[in-house]
Amino acid sequence: NNIFGCGVYWGFAQKNELSFRRWVEEVIDFFEIERYRKQLVVNLPFGVQKLVGVARALAMKPKVMLLDEPSSGMNRQEKEDLARFLLRIKYVLKIPMLWIEHDIRMVVDLSDRIAILNEGRKIADGKPEEVFNNPEVTKVYVGTG
């Protein structure tokens, strides 16, 4: 773990890199993106680019994943694919996730707990069915009258 050992591909540095490469291969398999391995991300379809972004976050071995609108710009099929992987992260890898998302259907389907903000102020939080039965949430997001 000295500067020489880290600067030369030898000993600890070699073992560390090989371990990380194995993990990256597992992440690639997990997201089923093997066929895109040799392509530049910019050349991939948009939905696959978004999956690669989540995969890159997972490759860092986070204790908690923080995702900002992971499904923005995706079509329904791409969102369903993303949802499948988010559920696998949650149930197989057991990594908690905190994410900001505007697709209410996706939020309700995938979340254990939701916090609703309106103009930066929390107006409700709890289980999805509780939150979406809250009159203030209905007023703000569905409208009244």
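Above: the structure in question.
For every chain, the first residue of its written sequence is number 1, and the numbers climb from 1 along that sequence. Local features are withheld for residues below a pLDDT of 70 in this predicted model, meaning they are given only at 70 or higher, and side-chain atom pairs are given and counted only at 80 or more; totals for whole chains, interfaces and linings count all residues. Side-chain descriptors were evaluated using all non-hydrogen atoms of the structure, hydrogens and water having been removed beforehand.

Q: Describe the nonpolar core, listing the residues and the values that go with them.
A: Ranked by size, the top nonpolar core spans 34 residues in total, and within it Phe31, Val54, Leu58, Leu86 and Ile89 carry the most contacts. A helix here means a DSSP run of H or I that spans at least four residues, while a strand means a run of E at least two residues long, and both kinds are numbered starting from the N terminus. Those elements that place two or more of their residues in this core are α2 (12-30), α3 (46-59), β1 (65-68), α4 (76-93), α5 (104-110), β3 (114-118) and β4 (121-126). If one sorts the elements of this core by residue count, α3 sits on top with seven residues. Contact criterion: two residues are considered in contact whenever any of their non-hydrogen atoms come within 4.5 Å of each other. Beyond its immediate chain neighbours, meaning those up to four positions away, Leu86 contacts Val54, Leu67, Met97, Met106 and Leu110. Remark: nonpolar core denotes a set of buried residues (Ala, Val, Leu, Ile, Met, Phe, Trp, Tyr, Cys) joined through side-chain atoms within 4.5 Å. Relative accessibility thresholds used throughout: buried, under 20% of the residue-type maximum; exposed, over 50%; partly exposed, between the two (1.4 Å probe, protein chains only).

Q: How would you summarise the side chain of Lys79 if you had to cite specific residues and measurements?
A: By the element assignment, Lys79 lies in helix α4. Sequence-distant contacts of Lys79, that is, excluding residues within four places in its chain, are made with Ser71, Met74, Asp103 and Met106.

Q: Provide a residue-level description of the layout of surface pockets, including the pertinent values.
A: It is the rolling of a water-molecule-sized probe over the atoms that shows where space remains empty. Lining residues are those with an atom within 4 Å of a point, where the points come from a 1 Å grid over the protein atoms alone and group into cavities, where a 1.4 Å probe fits but cannot get out, or pockets, open sets with protein on both sides within 12 Å along at least five of seven lines. Grid points are joined across faces, edges and corners, and a volume is the space filled by probe spheres set on the points. Volume-wise, the largest pocket comes out at about 800 Å³. Along the walls of the largest pocket sit 26 residues, with Trp99, Ile100, Glu101, Ile114 and Ala115 positioned nearest its centre. Elements with a minimum of two residues in the lining of the largest pocket: β1, α4, β2 (97-100), α5 and β3. Under the grouping applied here, Gly and all other residues not named as nonpolar or charged are polar, the nonpolar ones being Ala, Val, Leu, Ile, Met, Phe, Trp, Tyr, Cys and Pro and the charged ones Asp, Glu, Lys and Arg. Here the lining of the largest pocket is composed, by residue class, of 18 nonpolar, two polar and six charged.

From the geometry alone we can't say anything about function, so treat these as descriptive.
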